[in-house]
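# Coordinates in review
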Amino acid sequence: MGQIKLNQVTKSFGDVEVIPPLDLTIEDGEFAVFVGPSGCGKSTLLRLIAGLEDITSGHIEIDGKDATNVPPAKRGLAMVFQSYALYPHMSVRKNIAFPMKMAGIDEAEQQRRIDAAAKALNLTDYLDRRPGQLSGGQRQRVAIGRAIVREPAAFLFDEPLSNLDAALRVGMRLEISELHKRLETTMIYVTHDQVEAMTMADKIVVLRAGHIEQVGSPLELYHSPRNEFVAGFIGSPK
Ligand code: ADP
Ligand code: MG
């Protein structure tokens, strides 16, 4: 399960309201992409969902239950960061095992999940290497592996591919889409890249200055952009 619902969620930093009241529902199993220009609030919104930032007002529900005051580790969500944030001194295996160790999962179950994640991500031959001995794409897979083993209700990606070169980005995009098909788990994916949004999303959420300009499938936004901003951002024919 992984339905995420925001009801009248706002966020202010000091006197500055960066997210005005916002309503949004991401359905269980959906691949939702938050897209919009730099500074429009994509990361903030993701961090509010993850619980890494407190919302200023409103409510967040996960699978129909109020999660507004639930701490991040108890929300059942896994965040994948762009800066790989792997432990350089630990092997791939230990990096992937780390969140399970923290959660007190027993060794046999840890091994089972590591093997499954490594297989899904083509990392089986790299489990004993350290992050420094891997390519950028492989490191990004390890970061995803670390999220998978937590068996989250939803994955939250914040521009995970922005550190990779263009060719690698295309491949990783396909891998993440494949993973979504296989796991059928909710994914929320933040990007400022229109191509990523158009090719990966079931649902695109177009953000501008903290508010939602339009929500729809890639085809809906392409054929029926609500305004010039959406049209310009999605690259619709004028
Ligand atoms: P995006 O991810 O779309 O580039 P962000 O969510 O990072 O945008 O930022 C949205 C707005 O909130 C920006 O104006 C940014 O300066 C502001 N902001 C983000 N985090 C903080 C913070 N911790 N303190 C103050 N302002 C912040
Ligand atoms: Mg950001």
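Refer to the structure presented above.
Scope of this entry: the structure provided in the associated data block. It should be emphasised that the depicted structure is a prediction, and the values quoted were computed from it without experimental measurement.

How each quantity is defined
- Residues numbered from 1 in each chain as written.
- Chains lettered and ligands numbered in written order.
- Predicted model: local features only at pLDDT ≥ 70, side-chain atom pairs only at ≥ 80, totals over all residues.
- Pairing = 2+ DSSP bridges.
- Helix = DSSP H or I, 4+ residues; strand = E, 2+ residues; numbered from the N terminus.
- Contact = placed C-beta atoms within 7 Å.
- Axes fitted to C-alpha atoms, helices over the stretch in contact; angles between N-to-C directions.
- Near = placed C-beta within 6 Å.
- Nonpolar A, V, L, I, M, F, W, Y, C, P; charged D, E, K, R; others polar.
- Expected span 1.5 Å × (residues − 1).
- Buried ≥ 20, exposed ≤ 12 C-beta atoms within 10 Å, placed from the backbone.
- Arc of directions from axis to C-beta.
- Parallel < 35°, antiparallel > 145°, perpendicular 65-115°, else oblique.
- Left-handed = near helix turned anticlockwise from the far one by under 90°.

## Quick notes on the sheet that holds strand 4 (residues 57-62)
Within the open sheet, the four strands sit side by side as 2-1-4-5. Their pairing is antiparallel. Strands with a single pairing partner mark the edges of an open sheet, and in this sheet they are strand 2 (16-26) and strand 5 (65-66). Looking at chain direction, strand 1 (residues 4-13) and strand 4 are connected through five bridges and run antiparallel. Of the residues in strand 4, the one forming a bridge with Asn7 is His59. Relative to the sheet, helix 1 (residues 42-50) contacts strand 1, strand 2 and strand 4, its axis offset from that of strand 1 by approximately 120°.

## Focus on the environment of Ile114
Residue placement: Ile114 occurs in helix 3 (residues 107-120). The spatial distance from the C-alpha of Ile114 to the C-alpha of Val149 is 6.7 Å, given a sequence separation of 35 residues. Those residues in contact with Ile114, other than ones at most four positions away along the chain, are Arg93, Ile96, Ala97 and Val149.

## So, the site of ligand 1
In the vicinity of ligand 1, the residues found are Phe13, Val18, Gly36, Ser38, Gly39, Cys40, Gly41, Lys42, Ser43 and Thr44. Looking at which element gives the most residues to the shell around ligand 1, the answer is helix 1, with three residues. For the shell around ligand 1, the residue count by class is three nonpolar, six polar and one charged.

## Examining helix 5 (residues 166-183)
Here helix 5 spans 26 Å end to end across 18 residues, near enough to the 26 Å set by a 1.5 Å rise per residue. All of the buried residues along helix 5 are Arg169, Arg173 and Ile176. For helix 5, the buried positions fall inside an angular range of 70° around the axis, keeping them on one side. What points out from helix 5, more than 90 degrees from its buried face, is the exposed set Ala167, Gly171, Leu174, Glu178, Lys181 and Arg182. Of the residues flanking the end of helix 5, it is Glu184, one or two places downstream, whose phi is positive at about 55°.

## Quick word on the packing of helix 4 (residues 136-148) against helix 5
Here helix 4 crosses helix 5 at 30°, and the two axes come no closer than 10 Å. Taken together, the axes of helix 4 and helix 5 lie roughly parallel to each other. Regarding helix 4 and helix 5, the two cross each other, and that crossing is right-handed. Within the contact between the two elements, helix 4 uses Gly136, Gly137 and Gln140 and helix 5 uses Leu168, Gly171 and Met172.

## A short note on the pairing of strand 3 (residues 31-35)
Among the five residues of strand 3, five are classified as buried, and the element is accordingly described as predominantly covered. The alternating pattern of strand 3 places Phe31, Val33 and Val35 and Ala32 and Phe34 on opposite faces, both of which are buried. Summarising the sheet, strand 3 and strand 8 (residues 186-191) pair through five bridges and their orientation is parallel. Among the inter-strand pairings, Val35 is bridged to a residue of strand 8, identified as Thr191. By the bridge criterion, four bridges tie strand 3 to strand 9 (residues 203-208) in an arrangement that is parallel. Bridge pairing links Ala32 to Lys203 in strand 9.

## Some thoughts on the sheet that holds strand 8
Within the open sheet, the six strands sit side by side as 6-7-8-3-9-10. Their pairing is mixed. The sheet is open, and its two borders are formed by strand 6 (77-80) and strand 10 (211-216), each paired with just one other strand. Recorded for the sheet is a direction-independent mean angle of 15° between the axes of neighbouring strands. Note: strand 6 against strand 7 (residues 154-158), four bridges, orientation parallel. Each bridged residue has a counterpart across the sheet, and for Leu77 the counterpart in strand 7 is Ala154.

Spatial relationships are all this shows, so hold off on functional conclusions.
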